Amino acid sequence: MIERSEAARPEARREQQDLYSAAAVDHFTSPRNVGGVEEPDGKGSDTNPACGDRTTITVRLRDGRVTEARFRTFGCVAAIASASVLTELAAGRTAAEARALGPGDVISALGGLPERKEGCALMAVGALRAALVDAQVRARA
Ligand code: FES
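Residues numbered from 1 in each chain as written. Predicted model: local features only at pLDDT ≥ 70, side-chain atom pairs only at ≥ 80, totals over all residues.

We now examine the pairing of strand β2 (residues 54-62). Both strand β1 (residues 42-47) and β2 contribute to a ladder of six bridges, which runs antiparallel. When the sheet's bridge partners are listed, S45 is paired in β2 with T56. Hairpin connection between β1 and β2: a loop of six residues separates the two successive antiparallel strands, and G52 in this loop has a positive phi of roughly 85°. Direction of pairing for β2 relative to strand β3 (residues 65-74): antiparallel, over a ladder of nine bridges. Bridging across to β3, V59 finds its partner in A69. Where β2 folds back on β3, the antiparallel hairpin that results is connected by two residues, among which D63 adopts a positive phi of roughly 50°. (Pairing = 2+ DSSP bridges. Helix = DSSP H or I, 4+ residues; strand = E, 2+ residues; numbered from the N terminus.)

So, about the packing of helix α3 (residues 77-90) against helix α6 (residues 118-140). Relative orientation of the contacting elements α3 and α6 amounts to 40°, with a least axis distance of 8 Å. Considering the angle they form, α3 stands oblique to α6. Note on packing geometry: the crossing formed by α3 with α6 is right-handed. The segment α3 lies against α6, with A78, A79, S82, A83, L86 and A90 engaging C120, A121, M123, A124, V125 and L128. Each residue belonging to the contact of α3 with α6 can be placed in one class, and the counts come to eleven nonpolar, one polar and no charged. (Axes fitted to C-alpha atoms, helices over the stretch in contact; angles between N-to-C directions. Parallel < 35°, antiparallel > 145°, perpendicular 65-115°, else oblique. Left-handed = near helix turned anticlockwise from the far one by under 90°. Contact = placed C-beta atoms within 7 Å. Nonpolar A, V, L, I, M, F, W, Y, C, P; charged D, E, K, R; others polar.)

A few words on the nonpolar core. V59, L86, V106, A124 and L128 are the most contacted members of the largest nonpolar core, which totals 37 residues. For this core, the secondary structure elements donating two or more residues are β2, β3, α3, α4 (95-99), α5 (103-109) and α6. Look past the residues within four positions of L128 in its chain and what remains in contact with it is G44, I57, A69, L86, A90, A98 and L101. (Core = buried A, V, L, I, M, F, W, Y, C linked by C-beta atoms within 7 Å. Buried ≥ 20, exposed ≤ 12 C-beta atoms within 10 Å, placed from the backbone.)

Turning to the sheet that holds β1, a few remarks are in order. The three strands lie next to each other as β1-β2-β3, forming an open sheet whose pairing is antiparallel. A single partner strand is all that each edge strand has here, and the edge strands are β1 and β3. The average angle at which neighbouring strand axes cross in this sheet is 20°, direction not considered. Across the face of the sheet, α3 comes into contact with β2 and β3 while running at roughly 175° to β3. Relative to the sheet, α6 contacts β1, β2 and β3, its axis offset from that of β1 by approximately 150°.

As for its position among the elements, V106 is in helix α5. Overall, the presence of 26 C-beta atoms within 10 Å leaves V106 in the buried class. Through-space distance from the C-alpha of V106 to that of L132 is 17 Å; in sequence the pair is 26 residues apart. In this structure, V106 is in contact with S82, V85, L86, A121, A124 and V125, ignoring residues within four places of it in sequence.

Moving on, we get to the environment of R13. As for its position among the elements, R13 is in helix α1 (residues 4-17). With 36 residues separating them along the chain, R13 and P49 place their C-alpha atoms 20 Å apart.

Following this line, the structure appears as structure tokens:
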């Protein structure tokens, strides 16, 4: 039987070889907006098909603007840093502006990500967009 720690070792080794910017390390070691918004207006999740990791984002909206966004992720350094910076980027924007944020915005705000980690940024974006669509659907109900 293979223990999870055994199975995870090659990925852990690759993680150590990835080079991260100071901003990405900061968001990974001190992630912003961790957890869930209480009684959120919207909640969305996305999975990185390359690894099966998952991020969930919850949002609060007031007068069409994102006033709070929080995340939980089961993912790598890049997944945590991406979700953290994306919740900051989303706050204060209109729902449409937040929905228009893409992986390029996340990667640029982090000062770059290793190329093989771009899907991790896309996962955060997918979770935010899903949360905003959920909020829109709930508002119409
Ligand atoms: S490797 Fe799975 S989210 Fe980054």
